[in-house]
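The chain contents come next:
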Amino acid sequence: MIAKRIIPCLDVRNGRVVKGTNFEGIQDVADPVEMAKYYNDTGADELVFYDITASFEGRGIFTDILRRTAAQVFIPLTVGGGINDVSDFERVLSCGADKVSVNSGAIADPTLIDRAARRYGDQCVVLSMDVKRVDGSFRVFAKGGRVDTGIDALRWAHEGQERGAGELVVNSIDTDGVKQGFDLEMLSAMGKTVSIPIIASGGAGCMEHFKTLFESVPQVDAGLAASIFHRKEVPLPDLKQYLAGAGIPMRILR
Amino acid sequence: MIAIIDYGVGNLYSLSHSLTYLGIENTVTRDRQVISQADKLILPGVGAFGDARQKLSDTGMDEALLSRVRAGVPLLGICLGMQLLFMKSYEYGEHPGLGLIDGEICPLKDDLPAGMKVPQIGWNTLKFVGESPLLRYVREGDSVYYVHSFYAKGAGSAVKAVSEYGVEVPGLVQRDHVFGAQFHPEKSGPVGLSILRAFGEV
């Protein structure tokens, strides 16, 4: 049986993973290559590297890290952040990424999805979106969730699928960082709209939240989170054991 | 030396990295000379069958590969590379394959129960239905990573391990020294690496 996937997301800025911000406002950081190796060895089903660097030098550091990571990580690796053109796909794929996640770049030019899918295959193109409730509907926000695009999220998800996206990452701005659980209402609406795999993001605070996610929205294929894994508030191997014990199909390393 | 055949389809870095990590000498090549001297071959590939088959012909890689296989050199096809080993495929029309293993490549969507997603993307468990040296280090129930929309039908006794996805999807096939993996061993963690290690030892 196909397993539900658990995916840690590594936000990389200036060559370091941002693990979270402590109560004094100081950023806790770690080495991305080491962290990727740790997740590879402890049972993560995939990894997402998100490039949150803005500078040109930062981008160079990022691709170097990607190359070093890809040489010792033997699970699928998705890269996102700053993907605005097919040449950006080429840049990260040539460093060892398996899939590329597009967000604002696809909103600015939706044909990016078609062009990338034709060139690299649907399986390579992951459409990622930040969604927030506005006036009773789900809206797509761009630029890291700061700008309301006015686009209906369900319509955009469907369009993305039709254009050739192979998977969908849906991050709920409403539940993100609150740690009260995934946005089940929005994810279920997505599940009724698209037939491609859905990766849920935003809101996980404890192991039970993942169980609830997979049990109540069967169309969701994977759960993604960042700081709760990095800070071991929810240790990834424990989470997978717990979910397997609860009857959710999981890949367990022996 | 394993030659990973580069015919312009897909990303070959992770495959090459995996072999290097295992200490297996390998090279990514489109040089017929290198292929004719390699003691093992890997045919990778992602994308559409027809395009890939065309590229294999255009680059002359198909003839180079077939003559080595006739000489007894072990070959491993991965994902689309596995599908290319078969007689034909019905992906966007009808295309002849390399004809090394009996059977045809058919769309998953025609055979799946309602609600199953196509492509199959993710980790699925292997069930053994035959024996293969590539499964030497694998235990039944181990998971491997799949990404595909088409699958092999009519492969008969060539099927050595399957995964359940609404239908029984042939995961690992073998006919003599020709092997095929529908999943991606280079993306399947320690289990996948063990399969590549076993191919290195064939």
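As shown above, the structure is provided for reference.
(A) Up close: the overall build of chain B. Within chain B one finds six helices and 14 strands. Its C-alpha atoms give chain B a radius of gyration of 15 Å, near enough to 17 Å, the size a compact globule of 202 residues would have. Considering only C-alpha atoms, chain B reaches an extent of 50 × 35 × 30 Å along its principal axes. Taken over 202 residues, chain B has a buried fraction of 52%.

(B) View of the nonpolar core. In terms of nonpolar packing, the biggest core is built from 146 residues, with A:Leu10, A:Leu47, A:Val100, A:Val125, A:Leu168, A:Leu187 and B:Ile5 touching the most fellow members. When residues no more than four places from it in sequence are discounted, the contact partners of A:Leu47 are A:Ile7, A:Pro8, A:Leu10, A:Ala36, A:Tyr39, A:Val73, A:Ile75 and A:Leu77.

(C) Spatial organisation of helix H3 (residues 49-58) of chain B. Residue and element names in this part refer to chain B. Three or more residues of H3 are buried, namely Phe49, Ala52, Arg53 and Leu56. The arc enclosing the buried residues of H3, seen along the axis, measures out at 100 degrees, which places them on a common side. Residues of H3 that are buried in the fold lie against helix H4 (61-70), helix H5 (80-83), strand S5 (86-89), strand S6 (95-96) and strand S7 (101-107).

(D) Just the packing of helix H1 (residues 32-42) of chain A against helix H2 (residues 56-70) of chain A, in detail. Residue and element names in this part refer to chain A. The interhelical angle for the contact between H1 and H2, taken along N-to-C directions, is 30 degrees, at an axis separation of 9 Å. Taken together, H1 and H2 sit at an angle that is classed as roughly parallel. As for how H1 packs across H2, the hand of that crossing is right-handed. Here Pro32, Val33 and Ala36 of H1 lie close against H2, whose contacting residues are Ile65, Arg68 and Thr69. Here the contact of H1 with H2 is built from residues that sort into four nonpolar, one polar and one charged.

(E) Region of interest: H2(A). A rise of 1.5 Å per residue sets the reference length of H2(A), with its 15 residues, at 21 Å; its end C-alpha atoms lie 21 Å apart and thus fit the reference within 8%. The set of residues buried in H2(A) consists of A:Phe62, A:Ile65, A:Leu66, A:Thr69 and A:Ala70. One side of H2(A) holds all its buried residues, which, seen down the axis, span an arc of 125 degrees. Turned more than 90 degrees away from the buried face of H2(A), the exposed residues are A:Phe56, A:Glu57 and A:Gly60. For H2(A), the elements touching its buried residues are strand S1 (5-13), H1, strand S4 (47-51), strand S5 (77-80) and helix H3 (86-93) of chain A together with helix H1 (13-21) of chain B.

(F) Representation of the interface of chain B and chain A within the structure. Facing 27 residues of chain B, the contacting portion of chain A comprises 24 residues. Breaking the side of chain B that touches chain A down by element, the ones donating at least two residues are H1, strand S8 (120-125), strand S10 (143-148), strand S12 (159-165) and helix H6 (189-201) of chain B. In terms of residue count, the dominant contributor to the side of chain B that touches chain A is S8(B) (six residues). A breakdown of the residues in the side of chain B that touches chain A according to their chemical character gives 11 nonpolar, 12 polar and four charged.

Definitions and limits used
Residues numbered from 1 in each chain as written. Chains lettered and ligands numbered in written order. Predicted model: local features only at pLDDT ≥ 70, side-chain atom pairs only at ≥ 80, totals over all residues. Helix = DSSP H or I, 4+ residues; strand = E, 2+ residues; numbered from the N terminus. Rg over C-alpha atoms; globule rule 2.2 N^0.38 Å. Buried ≥ 20, exposed ≤ 12 C-beta atoms within 10 Å, placed from the backbone. Core = buried A, V, L, I, M, F, W, Y, C linked by C-beta atoms within 7 Å. Contact = placed C-beta atoms within 7 Å. Arc of directions from axis to C-beta. Axes fitted to C-alpha atoms, helices over the stretch in contact; angles between N-to-C directions. Parallel < 35°, antiparallel > 145°, perpendicular 65-115°, else oblique. Left-handed = near helix turned anticlockwise from the far one by under 90°. Nonpolar A, V, L, I, M, F, W, Y, C, P; charged D, E, K, R; others polar. Expected span 1.5 Å × (residues − 1).

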